[in-house]
Amino acid sequence: MPRFSAAEITEAYAAMHDRVRQHTASGDWDDYALSFTEDAVYVEHAYGTFHGRDEIRAWAVATMTSFPGSVMTGFPLAWQTVDESTSRLICEVRNLMPDPGDGSVHEESNLTIMTYAGDGLFSREEDVYNPLRFLRMTLRWAAVAEAHGTLSDEGRAYVAQYSG
């Protein structure tokens, strides 16, 4: 018997995703780690593996309050499915950049694997994506933003660091 129903896992992730929308709108990511158990593991293929809420919080705040995370406008789901036997929700998350000034759409997706631990908390997250594709997307976005006068100084510094 599965420990948790698909409905419970789906509801917990929907609540977490609602909080992500609030973090995106406010720019305050400090409470992001509260969706995880104290001993949670977060596997991020470009940045490393984080153990526990404190490491997850530090990574989320640093990443999402600096370019390009700080300018992303949303993370809508393309699809999701639940595997009750492993207490996992697997989904495709779209990472959206704002209009750079010409109406073009810039995004890159990742697959996310969430392991549910009960009480609305997750014990593990793994984001699977190609960091080079994400980098190329952000550099394309930055080039359009620069051409339209919407690229920040932080964005220019990012381009200078990663475009070589």
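For the structure, see preceding data.
Enquirer: Describe the packing of aromatic side chains, listing the residues and the values that go with them.
Expert: Under the defined criterion, the tally for this structure stands at 14 aromatic pairs. Summarising the aromatic geometry, the rings of Tyr42 and Trp59 are spaced 4.7 Å apart at their centres and angled 40 degrees between planes, so their arrangement reads as tilted. With Tyr42 in strand S1 (residues 36–44) and Trp59 in helix H2 (residues 52–64), this pair connects stretches of sequence that are 17 residues apart. Grouping residues by exposure puts Tyr42 and Trp59 together as buried. Clustering of aromatic rings is evident, with ring pairs tying together Trp29, Tyr32, Phe36, Tyr42, Tyr47, Phe50, Trp59 and Phe75.

Enquirer: Kindly report on a nonpolar patch on the surface, identifying the contributing residues and their values.
Expert: There is a patch of nonpolar side chains on the surface, built from Trp79, Leu111 and Val128 and spanning about 240 Å² of accessible area. In this structure, Val128 sits in strand S6 (residues 121–128). Residue Val128 is classed as partly exposed on the basis of its relative accessible area of 31%.

Enquirer: Go over the layout of surface pockets, please, and point to the residues and values.
Expert: In this structure, the largest pocket occupies an estimated 770 Å³ of space. Forming the walls of the largest pocket are 35 residues, and the residues nearest its centre are Glu44, Tyr47, Thr63, Tyr129 and Phe134. Among the elements of the structure, helix H1 (6–26), S1, H2, strand S4 (88–96), strand S5 (107–118), S6, helix H3 (131–147) and helix H4 (153–162) are those that each provide at least two residues to the lining of the largest pocket.

Enquirer: Can you lay out the side chain of Glu108 for me, pointing to particular residues and giving the numbers?
Expert: In this fold, Glu108 is placed in strand S5. With a relative accessible area of 11%, Glu108 lands in the buried category. For Glu108, the side chain forms a polar contact with the side chain of Arg133, separated by 3.0 Å. Contacts of Glu108, omitting those with residues within four sequence positions, involve Val93, Arg94, Asn95, Arg133, Phe134 and Met137.

Enquirer: Kindly report on the pairing of S5, identifying the contributing residues and their values.
Expert: For a regular strand, side-chain orientation follows a simple rule: the groups alternate between the two sheet faces. Across 9 bridges, the pairing between S4 and S5 is antiparallel. The partner of Glu92 across the bridge, within S5, is Leu111. Relative to S6, S5 runs antiparallel, the two being bridged by 7 bridges. Residue pairing in the sheet places Thr115 in a bridge with Arg124 of S6. Counted between consecutive antiparallel strands, the loop separating S5 from S6 contains 2 residues, among which Asp119 sits at a positive phi close to 55 degrees.

Enquirer: Requested: an account of the nonpolar core, with residues and values cited.
Expert: With 37 residues, the main nonpolar core has Tyr13, Tyr32, Phe36, Ile56 and Phe122 as its most contacted residues. Listing elements by their share of this core, those giving two or more residues are H1, S1, H2, S4, S5 and H3. A per-element tally of this core places H3 first, with 7 residues. If sequence neighbours within four positions are ignored, Ile56 has contacts with Tyr32, Ala33, Phe36, Ala40, Tyr42 and Phe50.

Enquirer: Lay out the pairing of strand S3 (residues 77–83) in plain terms, naming residues and giving numbers.
Expert: When S3 meets S4, the two strands line up antiparallel, connected through 6 bridges. In the sheet register, Thr81 faces S4, and the bridge partner there is Ile90. Taking the residues that link successive antiparallel strands as the turn, the S3-S4 hairpin has 4 residues, and the phi of Ser87 there is positive, at about 60 degrees.

Enquirer: Which residues make up the environment of Tyr47, and what values go with them?
Expert: With respect to the helices and strands, the residue Tyr47 is situated in the loop between S1 and strand S2 (48–51). C-alpha of Tyr47 to C-alpha of Ser66: the two residues are 19 residues apart in sequence and 14 Å apart in space. The residues touching Tyr47, leaving out its near neighbours within four places in the chain, are Trp59, Thr63 and Tyr129.

Conventions we followed
- Residues numbered from 1 in each chain as written.
- Predicted model: local features only at pLDDT ≥ 70, side-chain atom pairs only at ≥ 80, totals over all residues.
- Heavy atoms only, no water.
- Phe/Tyr/Trp six-rings, centres within 6.5 Å; stacked < 30°, edge-to-face > 60°.
- Helix = DSSP H or I, 4+ residues; strand = E, 2+ residues; numbered from the N terminus.
- Buried < 20%, exposed > 50% of the residue type's maximum accessible area, 1.4 Å probe, protein only.
- Patch = residues over 30% accessible without salt bridge, like charges linked within 9 Å, V, L, I, M, F, W, Y side chains within 5 Å.
- Areas by Shrake-Rupley, 256 points an atom, 1.4 Å probe, with all protein chains shown as cover.
- Salt bridge = Lys/Arg side-chain N within 4 Å of Asp/Glu carboxyl O.
- 1 Å grid on protein atoms, 1.4 Å probe; cavity = no way out; pocket = protein on both sides within 12 Å on 5 of 7 lines; lining within 4 Å.
- Points joined across faces, edges and corners; volume = space filled by probe spheres on them.
- Polar contact = N/O pair within 3.5 Å; in protein donor to acceptor, adjacent residues only side chain to side chain.
- Contact = heavy atoms within 4.5 Å.
- Pairing = 2+ DSSP bridges.
- Core = buried A, V, L, I, M, F, W, Y, C linked by side-chain atoms within 4.5 Å.

From the geometry alone we can't say anything about function, so treat these as descriptive.
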